[in-house]
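Observations on chain architecture
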Amino acid sequence: MSERVVCPVCPRACALAEGQLGLCHARRARDGRVADDNYGRVTSLALDPIEKKPLAQFRPGSLVLSAGSYGCNLRCPFCQNASIACAGPTDVPWREMQPSELVELAESVRGQGNIGIAFTYNEPLVGYEFVRDTARLAHEHGLANVLVSNGFVNPGPLAELLPLIDAANIDLKGFTQTFYDFVGGDLETVKRTIATLAATPTCHLEVTTLIIPAVNDSEQEIAAAAQWLASLDPSIPYHLTRFFPCHKLTDRPATPVADVYRLADVARRYLPHVCTGNC
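Scoring rules and cut-offs
- Residues numbered from 1 in each chain as written.
- Predicted model: local features only at pLDDT ≥ 70, side-chain atom pairs only at ≥ 80, totals over all residues.
- Heavy atoms only, no water.
- Helix = DSSP H or I, 4+ residues; strand = E, 2+ residues; numbered from the N terminus.
- Buried < 20%, exposed > 50% of the residue type's maximum accessible area, 1.4 Å probe, protein only.
- Contact = heavy atoms within 4.5 Å.
- Areas by Shrake-Rupley, 256 points an atom, 1.4 Å probe, with all protein chains shown as cover.
- Lys, Arg positive; Asp, Glu negative; His and termini not counted.
- Charge placed at Lys NZ, Arg CZ, Asp CG, Glu CD.
- Pairing = 2+ DSSP bridges.
- Axes fitted to C-alpha atoms, helices over the stretch in contact; angles between N-to-C directions.
- 1 Å grid on protein atoms, 1.4 Å probe; cavity = no way out; pocket = protein on both sides within 12 Å on 5 of 7 lines; lining within 4 Å.
- Points joined across faces, edges and corners; volume = space filled by probe spheres on them.
- Nonpolar A, V, L, I, M, F, W, Y, C, P; charged D, E, K, R; others polar.
- Expected span 1.5 Å × (residues − 1).

Moving on, we get to the overall build of the protein. When you go through the protein residue by residue, the secondary structure sums to 8 helices and 14 strands. Residue burial in the protein is summarised as follows: out of 279 residues, 55% are buried. By sequence separation, contacts in the protein at least 24 residues apart represent 68% of the contacts at least 6 residues apart. Surface summary for the protein: the accessible area is close to 11,400 Å², and the carbon and sulfur share equals 53%. Averaging the locations of the 24 positively and 30 negatively charged side chains of the protein gives two centres separated by 2 Å.

This brings us to the sheet that holds strand S7 (residues 63-68). On the basis of which strands lie adjacent, the open sheet formed by 8 strands has the order S6-S7-S9-S10-S11-S12-S13-S14 and mixed pairing. Of all the strands in the sheet, the pair left with one neighbour each is strand S6 (44-49) and strand S14 (274-277). Across the sheet, the mean angle separating the axes of adjacent strands is 20 degrees when strand polarity is ignored. As defined by bridge partners, strand S10 (residues 144-149) adjoins strand S11 (residues 167-171) across 4 bridges and the pair is classed as parallel.

Take empty space enclosed by the protein next. As enumerated under the stated definition, the model contains 3 cavities of 30 Å³ or more in all. Estimates place the volume of the largest cavity at around 140 Å³. If you trace the largest cavity, you find 15 residues lining it, with Gly68, Ser69, Asn122, Phe130 and Val131 closest to the centre. Breaking the lining of the largest cavity down by element, the ones donating at least two residues are strand S5 (41-42), S7 and helix H3 (128-140). Partitioning the lining of the largest cavity into residue classes produces 6 nonpolar, 7 polar and 2 charged. Reported here for the second largest cavity is a volume of approximately 100 Å³.

All right, on to helix H7 (residues 219-232) then. Taking 1.5 Å per residue, 14 residues should reach 20 Å; H7 reaches 20 Å between its end C-alpha atoms and fits that length. Those residues of H7 lying buried are Glu221, Ile222, Ala223, Ala225, Ala226, Trp228 and Leu229. Buried residues along H7 sit against helix H6 (187-198), strand S12 (204-211), strand S13 (238-242) and helix H8 (257-267).

That's the geometry; what it means functionally is another story.
Below is the structure:
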């Protein structure tokens, strides 16, 4: 059997033979190491309102150049970006963009209100090297860096990015390990990521939970999540967003708007800045 090499990016620790892709479809074993096979491969590019990330309290009213690639290390059956997040290099069209090209494009739309670059749409941390290299160059040009992530990452790659990220929104998909078993992740890893970002004074942090009927919509679970976030920093904005049937989770209706508002009131017992989305 050929020797395998272990990917260091997330707790999945995929052990890959030469040339093999990891579960994320974005990292490949090559020459005795696991590299981001999706480096510079951009599938999605848009100039978005910062509030769409969602970030409610970071440079409100501004725009951010949002870039995505392909791949993700979770398998959420309700993924809203499954066409790229669940894709590999042969499944979706992409264009090659070096960090310098993406930064140059971000510079070119500054006059339209752009403040920087958001790494988003798929899971950016499965290609953290591209995020790191682009974010470093963006800072040299006075541009802000925004990370939108599931937070399922090991401490090493996260530490490389911490000095470069100005704002982040992390998905806290649920607040039980049972829920994270449902999506193929680990709650404690995501909590550690959130706690690390909350303790980083140079990074503005917001957190989002998608409310799915009969899955993570109990008052007890939202109260526990909000209470824990408040223990880190009571000023963290917490977004509760409405689920719509999509991808592989089409056997239940959209979340009732009244439920989102009710759960937001529960979260406000602990956090003053609670936002509702998709309502």
